[in-house]
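Structural overview for review
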Amino acid sequence: MADKGLVHIMASHAPLSARLAEEAGFDGVWASGFELSALYGLPDVSLVSMTQHLDMMRAMSEQMDLPIVADIDTGFGNAINVIYAVEQYEAAGAAAVVIEDKSFPKVTSLVADGRQELLRIEEFQGKIEAACKTRKDPDFLIVARDEALIAGLGEPEALKRAAAYEEAGADMILIHSKKKTPDEVESFVNAWHGRAPVVIVPTAYPEMNAERIRALGKIRMVIYGNHAIRASVTAMQKTFSDIIRDGGIQKVNDEIVSVEEIFRLQRMDRVKAHERDYLR
């Protein structure tokens, strides 16, 4: 962010998708709770454990060099749980954690008619304070996710919460919206006069491109929150149905990447080099 002003973070659910995001040129990876839940075939309602998410995030960190923004939902409990989570995620190689102000267990934000219950402001401030005091590296970012717009509580409540979370020590404020246009988010950003930069996740309002984001002047991070899993499902659904339709792989074989490309992504060249050097 210091170098570029605005950074683009791509969601990932596994080391392979994280490596692809790195090769594509993204600035960082979003270790997405939604995507990991989908990978397990589960709804994003706090069913995936911290251990499962942490293990996958650690595996991503080991296989690529981009900074990881870890989606830790509500912090897996109260402020005591947040302390433990921040210790573990920082030790595992995350560059930032995002904690949202919903009650536990949470319900994913964009589902129609989902239960969206928020914590009292003071309770969430305690979580942010605990996170900030627990981190060892001052460059490890604590991002407070403000869900007031998702919960239908309006801009004044969203601004009130953002100010309280900044006061508690949050380095950045993530404002989330499920409106189909960027108007609600743009209005919030224009009305926000705090020091903390803003993070957005423009899943519901895809026309919010980099030019429009930069024009607002206060947004420093944009997270593409679920596009890796959605693209994967799109590709698999088409390929699987084509194989059934064609009675074999004779047509799809030329439409998908080669086995050699998978070998490249697996870094099989390193294995062969090690075999030459060390297997005698």
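Just above sits the structure.
Residues numbered from 1 in each chain as written. Predicted model: local features only at pLDDT ≥ 70, side-chain atom pairs only at ≥ 80, totals over all residues. Heavy atoms only, no water.

**Some words on the overall build of the protein chain**
Within the protein chain one finds eleven helices and eight strands. Whereas a compact globule of 280 residues would reach a radius of gyration of roughly 19 Å, the protein chain reaches 20 Å, a difference of no more than 12%. Its C-alpha atoms give the protein chain principal-axis dimensions of about 60 × 45 × 35 Å. Residues classed as buried in the protein chain amount to 48% of the 280 residues present. Pairs at least 24 apart in sequence give 69% of the contacts found in the protein chain among residues at least 6 apart. Summed over all atoms, the accessible surface of the protein chain reaches about 14,100 Å², with 54% contributed by carbon and sulfur. Here the protein chain holds 32 positive side-chain charges and 43 negative ones, and the gap between their average locations is 1 Å. (Helix = DSSP H or I, 4+ residues; strand = E, 2+ residues; numbered from the N terminus. Rg over C-alpha atoms; globule rule 2.2 N^0.38 Å. Buried < 20%, exposed > 50% of the residue type's maximum accessible area, 1.4 Å probe, protein only. Contact = heavy atoms within 4.5 Å. Areas by Shrake-Rupley, 256 points an atom, 1.4 Å probe, with all protein chains shown as cover. Lys, Arg positive; Asp, Glu negative; His and termini not counted. Charge placed at Lys NZ, Arg CZ, Asp CG, Glu CD.)

**Structural notes on the pattern of salt bridges**
Side chains that carry opposite charge are capable of pairing whenever their charged atoms lie near each other. Taken as a whole and judged by the stated rule, the model has 21 salt bridges. For E100, the salt bridge is made with K106, and the minimal N-O distance between the two is 3.2 Å. Exposure remark for K106: the relative accessible area of 2% places this residue in the buried category. We note a salt bridge from D101 to R161, for which the minimum N-O separation is 3.4 Å. Here D101 is found in the loop between β4 (96-100) and α5 (121-134), whereas its partner R161 is found in helix α6 (residues 155-167), with 60 residues between them in sequence. Judged on exposure class, the residue D101 and its partner R161 are both buried. Connected via shared salt-bridge partners are D44, D73, E100, K102, K106, R145 and E147. (Salt bridge = Lys/Arg side-chain N within 4 Å of Asp/Glu carboxyl O.)

**Things to note about the nonpolar core**
Judged by nonpolar contacts, the single largest core of 63 residues is most densely connected at Y89, V97, I200 and I219. If you look at the next biggest cluster of nonpolar residues, it comprises 15 residues, including V7, V69, V143 and M172. (Core = buried A, V, L, I, M, F, W, Y, C linked by side-chain atoms within 4.5 Å.)

**Re the packing of helix α4 (residues 79-92) against α5**
It is at 9 Å that the axes of α4 and α5 come closest, and there the two elements cross at 35°. Relative to α5, the crossing made by α4 is right-handed. Facing α4, whose interface residues are A79, V82, I83, V86, E87 and E90, α5 presents G126, K127, A130, A131 and T134. When its residues are assigned to classes, the contact of α4 with α5 shows six nonpolar, two polar and three charged. (Axes fitted to C-alpha atoms, helices over the stretch in contact; angles between N-to-C directions. Left-handed = near helix turned anticlockwise from the far one by under 90°. Nonpolar A, V, L, I, M, F, W, Y, C, P; charged D, E, K, R; others polar.)

**So, the pairing of strand β1 (residues 7-12)**
Burial within β1 is extensive, with six of its six residues counted as buried. Residues of β1 alternate between two faces, with V7, I9 and A11 on one and H8, M10 and S12 on the opposite face, all of them buried. The pairing of β1 with strand β8 (residues 219-224) spans four bridges and is classified as parallel. Its bridge partner being in β8, V7 is matched across the sheet by M221. Pairing geometry for β1 and strand β2 (residues 28-31), over four bridges, is parallel. When the bridges of β2 are listed, S12 appears paired with A31. Crossover β1 to β2 through helix α1 (residues 15-24) is right-handed. (Pairing = 2+ DSSP bridges. Right-handed = clockwise from strand over helix to strand, strands pointing away.)

**Side note on the environment of F263**
Position of F263 relative to the elements: it lies in helix α10 (residues 259-265). Taking C-alpha positions, F263 is 38 Å from I219, a pair spaced 44 residues apart along the chain.

**Digging into the environment of S177**
Tracing the sequence through the fold places S177 in the loop between β6 (172-175) and α7 (183-191). With relative accessibility at 0%, the residue S177 sits in the buried group. Setting aside chain neighbours within four positions, we find S177 in contact with L110, I150, E184, V185, A204 and Y205. At 2.6 Å, the side chain of S177 and the side chain of E184 are in polar contact. (Polar contact = N/O pair within 3.5 Å; in protein donor to acceptor, adjacent residues only side chain to side chain.)

**A closer look at the pairing of strand β3 (residues 68-71)**
Residues I68 and A70 of β3 are buried on one face, and the alternating residues V69 and D71, pointing to the opposite face, are buried as well. Two strands pair when backbone bridges link them, and β2 and β3 are joined in this way by three bridges, in the parallel orientation. Note that in β3 the partner of A31 across the bridge is A70.

**Digging into the side chain of H53**
Mapped onto the elements, H53 comes out in helix α3 (residues 50-63). A polar contact is formed between the side chain of H53 and the side chain of Y89, at a distance of 2.7 Å. Setting aside anything within four residues of it in sequence, one finds H53 in contact with A31, S32, G33, L36, V48, D71 and Y89.

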